[in-house]
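# Per-entry structural report
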Amino acid sequence: MLEIINVSKQVDGKPILENINLNVQKGKCIGLIGPNGAGKSTIIKLISALEKPSSGQINFMGKNVQGWSVKKLAKHMAVLTQEGLAPYPITVYDSVLMGRYPHLGFFKGKVSMTMI
Ligand SMILES: Nc1ncnc2c1ncn2[C@@H]1O[C@H](COP(=O)(O)OP(=O)(O)OP(=O)(O)O)[C@@H](O)[C@H]1O
Ligand SMILES: [Mg+2]
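A brief look at the structure comes next. (Residues numbered from 1 in each chain as written. Chains lettered and ligands numbered in written order. Predicted model: local features only at pLDDT ≥ 70, side-chain atom pairs only at ≥ 80, totals over all residues. Heavy atoms only, no water.)

### Observations concerning the pairing of strand E2 (residues 14-24)
Here seven bridges tie strand E1 (residues 2-11) to E2, and the two strands are oriented antiparallel to one another. Following the sheet pairing, isoleucine 4 is matched in E2 by leucine 22. Between the end of E1 and the start of E2, which pair antiparallel, lie two residues, with aspartate 12 showing a positive phi angle near 50 degrees. (Pairing = 2+ DSSP bridges. Helix = DSSP H or I, 4+ residues; strand = E, 2+ residues; numbered from the N terminus.)

### Side note on the nonpolar core
The nonpolar side chains of soluble globular proteins are, as a tendency, buried together. Counting residues in each nonpolar core, the largest one holds 14 residues, and the members touching the most others are Ile47, Ile58 and Phe60. Elements supplying a minimum of two residues to this core: E1, E2, helix H1 (40-47) and strand E3 (55-60). The residues contacting isoleucine 47, other than those within four sequence positions of it, are Leu2, Ile4, Ile58, Val65 and Met77. (Core = buried A, V, L, I, M, F, W, Y, C linked by side-chain atoms within 4.5 Å. Buried < 20%, exposed > 50% of the residue type's maximum accessible area, 1.4 Å probe, protein only. Contact = heavy atoms within 4.5 Å.)

### Observations concerning unusual backbone geometry
Phi is positive for asparagine 6, which is not a glycine, with a value near 45 degrees. On the accessibility criterion, asparagine 6 (40% relative accessible area) is partly exposed. One non-glycine residue with positive phi stands out, namely asparagine 19, at about 45 degrees. Along the chain, the position of asparagine 19 falls in strand E2.

### Here's the deal with the side chain of serine 8
The residue serine 8 is located in strand E1 in this model. Within polar-contact distance, the side chain of serine 8 engages the backbone nitrogen of asparagine 19 at 2.9 Å. In this structure, serine 8 is in contact with Leu17, Glu18, Asn19, Pro53, Ser54 and Ser55, ignoring residues within four places of it in sequence. (Polar contact = N/O pair within 3.5 Å; in protein donor to acceptor, adjacent residues only side chain to side chain.)

Written out as structure tokens, the structure is:
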């Protein structure tokens, strides 16, 4: 389902991740743990194609995530970033609903959230 193959990431010449390999089978629930600055958020950004690896490849459902259209990938993958959701109060329910946004049709996209 998810294959991380020899992935490395450098930022401004500084190595952040080096030769990461991981295979996750469909239906598995995994946790990624490590000390601050270990690269957990970086690997999530690479998996969700928000950033590109410096080398190596990440395949999701047999296809390089860099080759997925943003909308198609968003239908299969939801990411809640550490940086926070929005500069206004939002319920847990609404934040989970955001993951359904890419499944809405063009006109339904305008009416979705319950603002409080
Ligand atoms: N855009 C960036 N520019 C420069 N350095 C970065 C950038 N993004 C991440 N880093 C560096 O990469 C390393 C890994 O950062 P990352 O945020 O992935 O770690 P983390 O495991 O998620 O940490 P935390 O537990 O604090 O959330 C850190 O040394 C960080 O300073
Ligand atoms: Mg992090």
